[in-house]
Amino acid sequence: MKIIDILHQEQMSLSYEVFPPKKETSFESVRIATEQIAALKPAFMSVTYGAGGGTSEYTLAVANNIKEKYNVPMLAHLTCVSSDRETVRRRISDMKEKGIRNVMALRGDLTPELEAGDRSKWDYRHAVDLIHELKSAGDFCIGAACYPEKHPESTNQREDILHLKEKVDAGADFLTTQMVFDNNLFFNFLYKVREAGITVPVLPGIMPITNANQVERAIKLSGAFMPQRFKAMVDKFGSNPDAMKQAGIAYATDQIIDLYANGITNVHVYSMNKPDVAEGIYRNLSCILGNSFLEGTL
């Protein structure tokens, strides 16, 4: 099933992102964790793609395993940074062979070496180049990333939204935000992109912070604004792992409920391969939305 068809349904949905192992010896533990998340019957699941394509084989293996065993629609990430056209086309072909028709088209993070090198001869310099490739390769449903607080490399948000519209005009069917900890930032961003003529579905990305050590990494990865009430939660419970875990689940649940209450029907959760956290959020939502939420029938 195509992700865009799910997003156009009126019912509320929740999806999860998982990541593949970095090496074969870790595959079994990742398989178990991702299957436990799939057993919750989310609307769909996405599988990330390692820097430079290092986990491309495992990305498809995880996605195909879940698709075959649990019939959960899968979204496979694909990055193009520093990749040549032949490599990207081979990976697209692999997706077709596995029956993966939903792709998250990303440029990928620039390592210090790549950032300092000559990019002029790259076949793909931006995600929009990869989107064009995917559109010409077949009938894919294409997702793209967006930044409610602007991409770190953009001069300002206006410039960033113009580049975002280029991705949509090239064929992106939906957008997923970087992690957001303040819903007001998402609502303001959504207003601005709609004003810019971007009408595709935009999914807010929610990351449950269940360990105080995650905060610094989350800021480094996304540059996300941390509201005072979030900082207070970490200050209060960060030294108690069990309490911090439950507080993080509660904070993420509160964000999702607020989004649903304000008309956002699709939310994407960065699960960090933690089935207990994924289930905690699902159970909390079911208490408010009813058991039918867990059965995917809302």
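What counts and how
Residues numbered from 1 in each chain as written. Predicted model: local features only at pLDDT ≥ 70, side-chain atom pairs only at ≥ 80, totals over all residues. Heavy atoms only, no water. Helix = DSSP H or I, 4+ residues; strand = E, 2+ residues; numbered from the N terminus. Buried < 20%, exposed > 50% of the residue type's maximum accessible area, 1.4 Å probe, protein only. Contact = heavy atoms within 4.5 Å. Areas by Shrake-Rupley, 256 points an atom, 1.4 Å probe, with all protein chains shown as cover. pLDDT = per-residue confidence, 0-100. Salt bridge = Lys/Arg side-chain N within 4 Å of Asp/Glu carboxyl O. Phe/Tyr/Trp six-rings, centres within 6.5 Å; stacked < 30°, edge-to-face > 60°. Lys NZ or Arg CZ within 6 Å of the ring centre and 35° of its normal. 1 Å grid on protein atoms, 1.4 Å probe; cavity = no way out; pocket = protein on both sides within 12 Å on 5 of 7 lines; lining within 4 Å. Points joined across faces, edges and corners; volume = space filled by probe spheres on them. Nonpolar A, V, L, I, M, F, W, Y, C, P; charged D, E, K, R; others polar.

Trainee: Just give me the short version of the overall build of the protein chain, but keep the residues and values in it.
Mentor: A count of helical and extended segments in the protein chain gives 12 helices and eight strands. Counting over 298 residues, the protein chain shows a buried share of 53%. Once local pairs closer than 6 in sequence are excluded, the contacts in the protein chain between residues at least 24 apart make up 78%. About 14,200 Å² of surface is accessible on the protein chain, with carbon and sulfur atoms providing 48% of the total.

Trainee: An account of the confidence of the model for the protein chain is needed here, citing residue identities and associated values.
Mentor: Across the protein chain, the average pLDDT comes to 89, with 89% of residues at 70 or higher. Predicted confidence in the protein chain is weakest over helix 5 (residues 112-116), with a mean pLDDT of 58, and strongest over strand 7 (residues 202-206), with 98.

Trainee: Describe the pattern of salt bridges, naming the residues involved and giving the relevant values.
Mentor: Under the defined criterion, the tally for this structure stands at 12 salt bridges. Linking Arg 229 and Asp 254 is a salt bridge whose minimum nitrogen-to-oxygen distance equals 3.2 Å. Taken together, the positions of Arg 229 in helix 10 (residues 228-237) and Asp 254 in helix 11 (residues 241-261) put the pair 25 residues apart, joining distant regions of the chain. Taken together, the shared-partner salt bridges connect Glu 28, Arg 31, Glu 35 and Lys 69 into one network.

Trainee: Lay out the packing of aromatic side chains with the relevant residues and their values.
Mentor: Aromatic ring pairs: the centre-centre distance and the angle between the two ring planes describe each pair. Counting across every chain of the model gives five aromatic pairs. Measuring from ring centre to ring centre gives 5.2 Å for Phe 230 and Tyr 251, while their planes differ by 70°; the resulting arrangement is edge-to-face. Here Phe 230 is found in helix 10, whereas its partner Tyr 251 is found in helix 11, with 21 residues between them in sequence. Exposure remark for Phe 230: the relative accessible area of 2% places this residue in the buried category. For Tyr 251, a relative accessible area of 7% gives the class buried. In this structure an aromatic cluster arises from ring pairing among Phe 181, Phe 230 and Tyr 251. When the ring centre of Phe 140 is taken as origin, the NZ or CZ atom of Arg 101, which lies over that ring, is 5.9 Å away.

Trainee: Go over empty space enclosed by the protein, please, and point to the residues and values.
Mentor: Tallying each qualifying case throughout the model produces one cavity of 30 Å³ or more. Around the largest cavity, the lining residues are Phe 181, Met 207, Pro 208, Ile 209, Phe 230, Met 233, Gly 248, Tyr 251, Ala 252 and Gln 255. Residue assignment for the lining of the largest cavity shows that the elements contributing at least two residues are helix 10 and helix 11. In terms of residue count, the dominant contributor to the lining of the largest cavity is helix 11 (four residues). Among the residues making up the lining of the largest cavity, the classes are represented as eight nonpolar, two polar and no charged.

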